[in-house]
Amino acid sequence: MGNAGDDETKRGRAIAPAAAKQDLTGIGAALAPAMFAALLSRIFNWSRSGVGPRLLAAVLLFSSAVTLTLTALQLYLDYNREVGLIETRLDEIGRSTTGSLGESLWNLDQNQLKLQLDGILRLPDIRAAEVREIADRPNPIRVEVGERNTRSIMTREFPLSTMVQGTSRAIGTLRVEATLTDVYQQLLNRALVILASQAAKTFLVSLFIIYMFHLLVTRHLVAIAEYVGKYSLGRPPPPLRLERRPPYEADELDKVVVAFNAMCANLEHAYGELREANGNLERDLKIRQRAEENAHASEQRFRDYAETASDWFWETGPDHAFTYISDRSDSFGIDRTAMIGKRRFDVALGRSTEAQKWRAHIATLERHEPFRKFEYRALTAGGARYFSVSGRPVFAADGSFRGYRGSATDLTEQHETEERLRQSQKMDAIGQLTGGVAHDFNNVLTVITGTIEIIREGLADKPDLAAIAQLIDDAAARGAEITSQLLTFARRQPLEPHEIDVNGLVLETAKLLKPILGGNVEIVTRLADDAWPAMADPSQLSSAIINLAVNARDAMPRGGTLTLESANREFDGADGAGDGDATRGAFIMVAVADTGHGIPADIRDRVFEPFFTTKGVGRGTGLGLSMVYGFAKQSGGSVAIESEEGRGTVIRLFLPRSAGGAQARTGSLQAPAAARGHETILVVEDDPLVQGYVIAQLGSLGYRTLAAGDGATALALVQQGAQFDLLFTDIIMPGGMNGQELAEAVRRLRPEMRVLYTSGYTDNALDHEGHLGPGVALLRKPYRKADLSLRIREVLAGEPPPEQHA
C-alpha cells in the first residue's frame, strides 16, 4: 500500500494526467503541528459518516461482549471457589464442635456453650451462631452470639445429641450463619479492575485499527465515489488514478481502478452502439405495434380463463360443440381428441334422471348467458367422473355469438370423500346402537349359556330332552356369535393383540375349515417363507378367516378351490392398502381367494355394509364381512377386495407388522377345561340373574364368594375389612362408578389385589384405541363354566398387579 507522507505524492484524491503537480519540498520541517491538526480534522469529519464509525462500533461491541463474557466466567469460577471454601468451613464446624456442644448442652453449662460459640464466631466469614435446646420444659436453653442477617448468608443446622444408657438422644440443634458480603465485595472490586483495563486496551486498539483502515482504504473509496459522481458519457473524463505511491505489485484497490476504467471504456463503446440501435428500433415500430395487439388479445383470453378459475379450460363454438380442451384434462382421464366436436350433454350421464336440471342448463346456453359451477357426471376414458363447469359467452366485434369459454373442476375425489363420510356416520350410528343392545343381550346370553350346561348335564340319561337342550345351547352360541360380530364390525369389541405367527395360525385354522367347507372344496395354502409376525388378536383373526372361508364356500355351490395366502407388504402412504385410506408402514397380508361366481360390480362397494347380504332369507345375517372389516380397521390395518364375475373373489387383510422381539404364537384354538379352587372371590354384578348364576358356578367350582350389586356397595365391603383374593367385576354398572373405577379404588387400599373384568360391551372403558391395556384381564360375556374357571385360575396364578399411584 502507498504512503500518504511521501514527498512525491499528490494531495488531491483523484487527478487527471494533465493536472499540475504540487511542490511539497520542505514539508518535513513544518509537519508536526500542521499535519497533526489536519489529521484530527480529517478524522473528525470522517467519523461523522461512512463505514469507519460502524466499524469502530462493531469492534467495540464485539470486544465488550468478549470481555464481559470472560469476566463473567472468571467471576463465576471465583464465586464458586469462595462459596466452596465457606461450605467446607461450615462442614468442618459441624464435624468438630457438635460433640463438645452436645456435652455442654446436656450439662446445661451455658457459659461453656457461649465460649465455644465465640470460638466459632472468630472463624472467617462466620457472622452468627446459635444453640437451641429441644426440651418439653418451660424456657429451654437458647444461646446466641453474633449478629444475624437475612441477606447474603449461608446457614447450616447440625443436630446435637448425647448418649443416654447406650442410646443416642437428640437434645438440641446448632445453627451457624456465614455471610457472603465479603465475597461479593471482592468479586465487585475484581470486576471493576478487569473491565477498566480491558476497556482502555480495547479503545486504543480500536482507534489504531480505524486509523489504518482510513489510511489504506476509505480515503481511496471516497476518491472513487467522487470520480463516479462526476462521470459523463457525453464528455468522458480522463481515466481514474489514485493518489498513492505505486506498490511493488498491484493490490485490490488497483485492480478495482483498472476494472472500472475498462468498464468506462466499454460504456463509451456501448453508447455509440445504442444510438445506432435506436435507429433500428424506429424502423421496427410497426412490427412492435402489431405484436402488442396480438399480446392484448392473448391477455384477454387468459383473463377470461382466470375469472372462471378451475383445473382445465375449454372452448365451444356456436353449436356448443367443443373446439378446444387444454392439456390439463389428460390427468382426469379425458381423451381430448375424442371430445372435440362433441357437446357436453352428449357425454353426460344421468340426463334422464336429472332432466329438469339439464333443460335449465341448455336454456341458459341458448340465451347466451354466463353460468357458474354447473355440476354433472360424465363418462371418460378413466371411468365415470364428476365435474363442475363455469363459462362465459364470447361475442365478435360485430356482436355475433362465437361460443363459450370456460373451465372445469374435477369433483370426483370430493364426491368420494362425502360418500365415505356418510358411510362412516352410518357405521358409527350402528355401532352406538350395537353397544347399547350388546350389554343387556350378553347378560341374558350368559345366564342362558351357563344354565343350559347344567340342564344338559342333568339330562344325560334322557336323549330326547338332551337334544332339545343342545338346540337351546346352539341357539345361544349363535346369538353370542352375532353379538360379537356386531361389536367387531362397530369396533366396540376390545382386542387382545399379541405377536402371532400368521403362517402357523393360518395352518391351524385350515385344519378347522376342512369339516366346515366339505369335501368338494379344495384348500390350498401359499404362505411366504419369510412372513413377518403380525400384531393382532389371534382369536379374532381366526374368526375372520373362517368367515371369509364360509362366504367363499357359499360362492362355490358346485365346489372349487379355496386359497389361503400370506405375504409381506410395505406402503408409503400414496397407495392405500385396500379401501382407499392412505396407509403407511409394513404389513403382513392374509388373503382368502375362491373360484366362485364373483361379486357383481354394482354391489361390490356395499359388501362391507352391515346386514347387507345376497343370500336368501335365513341363510345369513350380513355381518360376516362387516366383522372382518371392523377387525382389520380396529387392528390398525385395512381390507381390500377384488372380484370378477365368473372368475372368483380375493379378499386381502393387511395387519400391522409386529416390531417387538417376543416369541410369536398362533393362539390356542382348543376349548378350555374346568379348573377348581378354594379362594374367596368378590363378585360385583348389577344384573341379579347374572350375579346368581356366577355365584352358583363359583360355588360348584369350590370357591367362596362375596356379592355386591354396584361399585359403591363393593367398595364399602372393602373398607369394612372384608377379605377376598380376587375382584370379579362387571365393567358397565349403574351408580356412577364403573368396574375400572372400582378396581382403581380397591387397589389404592390393597395394591396387591388381582382383578378380573367381565362385560359384553366395554364402551371403551378399558381399552385404548380398541386394544386392551397391558395387565388387563377380561372375560367377555357370554361365557361358559369352563371359560370362567380357566380365566380365574390364570388371574390368580399370574403376576401381582403393578403398584397403583393415586
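So, a few notes on the structure that sits alongside this text. (Residues numbered from 1 in each chain as written. Predicted model: local features only at pLDDT ≥ 70, side-chain atom pairs only at ≥ 80, totals over all residues. Heavy atoms only, no water.)

### Regarding the overall build of the protein
Selection rule: Helix and strand labels come from DSSP, where a helix needs a run of H or I of at least four residues and a strand needs a run of E of at least two; each type is numbered from the N terminus. In this scheme, a residue with accessible area under 20% of its type's maximum is buried, one over 50% is exposed, and one in between is partly exposed, where area comes from a 1.4 Å probe on protein chains only. Residue contacts follow a heavy-atom distance rule, with two residues in contact if any of their heavy atoms lie within 4.5 Å. In this description, accessible areas are obtained by the Shrake-Rupley approach with a 1.4 Å probe, and a residue is regarded as covered only by the protein chains that are shown.
Secondary structure assignment for the protein yields 18 helices and 24 strands. In the protein, buried positions account for 38% of the 806 residues. By sequence separation, contacts in the protein at least 24 residues apart represent 67% of the contacts at least 6 residues apart. Just so you have it, the protein exposes about 45,600 Å², and 54% of that area is on carbon and sulfur atoms.

### So, the environment of phenylalanine 587
Within the secondary structure, phenylalanine 587 sits in strand β15 (residues 584-594). Looking at phenylalanine 587, the relative accessible area reads 4%, which means it is buried. In sequence terms phenylalanine 587 and asparagine 568 are 19 residues apart; their C-alpha atoms lie 6.2 Å from each other. Sequence-distant contacts of phenylalanine 587, defined by excluding residues within four places in its chain, comprise Trp532, Ala567, Asn568, Arg569, Phe571, Gly636, Gly637, Phe654, Leu655, Pro656 and Arg657.

### A few points about the pairing of strand β4 (residues 167-179)
Here is the rule we go by: Strands qualify as paired when DSSP identifies two bridges or more between them.
Summarising the sheet, strand β1 (residues 126-133) and β4 pair through 7 bridges and their orientation is antiparallel. Among the inter-strand pairings, arginine 132 is bridged to a residue of β4, identified as threonine 173. The sheet contact formed by strand β3 (residues 153-164) and β4 spans 12 bridges and is antiparallel. Within β4, the position partnered with threonine 155 by the bridge is glutamate 177. Hairpin geometry of β3 and β4 is characterised by an intervening segment of 2 residues between the two adjacent antiparallel strands and by a positive phi of about 55° at glutamine 165.

### Observations concerning the packing of helix α15 (residues 688-700) against helix α18 (residues 785-797)
Convention followed: Fitting a line to C-alpha atoms yields each axis, with helices limited to the stretch in contact; the angle taken between N-to-C directions then spans 0 to 180 degrees. Under this scheme an angle from 65 to 115 degrees is roughly perpendicular, one under 35 degrees roughly parallel, and one over 145 degrees roughly antiparallel; angles in between are oblique. Helix crossings get a hand from a simple test, with the near helix turned counterclockwise from the far one by less than a right angle marking a left-handed crossing and a clockwise turn marking a right-handed one. Under the convention adopted here, Pro, Cys and the residues Ala, Val, Leu, Ile, Met, Phe, Trp and Tyr are nonpolar, Asp, Glu, Lys and Arg are charged, and Gly plus all remaining residues are polar.
Running from N to C, α15 and α18 cross one another at 70°; their axes reach a closest spacing of 11 Å. With respect to α18, the axis of α15 lies roughly perpendicular. Between α15 and α18 lies a crossing of right-handed hand. Contacts between α15 and α18 involve Tyr693, Gln697, Leu698 and Ser700 from the former and Lys785, Leu788 and Ile792 from the latter. A class-by-class count of the residues in the contact of α15 with α18 yields 4 nonpolar, 2 polar and 1 charged.

### Some thoughts on the packing of aromatic side chains
How two aromatic rings sit relative to each other is given by the distance of their centres and the angle of their planes. For clarity, the threshold we go by: In summary, the pairing rule links any two rings of Phe, Tyr or Trp, Trp by its six-membered ring, whose centres are within 6.5 Å, and it sorts them by plane angle into stacked for under 30 degrees, edge-to-face for over 60 and tilted for everything else. In this analysis the charged atom, NZ for Lys or CZ for Arg, is taken to sit over a ring once it is within 6 Å of the ring centre and within 35 degrees of the ring normal.
Counted according to the given criterion, the structure contains 12 aromatic pairs. Taking 6.1 Å as the distance between ring centres and 45° as the angle between the ring planes, the aromatic pair formed by tyrosine 376 and phenylalanine 387 counts as tilted. Of this pair, tyrosine 376 sits in strand β8 (residues 371-380) while phenylalanine 387 sits in strand β9 (residues 383-395), and the two are 11 residues apart along the sequence. Among the residues examined, tyrosine 376 registers a relative accessible area of 7% and is labelled buried. Among the aromatic residues, those joined into a ring-pair cluster are Trp314, Phe322, Phe371, Phe395, Phe401 and Tyr404. It is arginine 344 that lies over the ring of tryptophan 314; its NZ or CZ is 4.9 Å from the centre. One residue, lysine 357, lies across the ring of phenylalanine 374, its end atom 5.4 Å from the ring centre.

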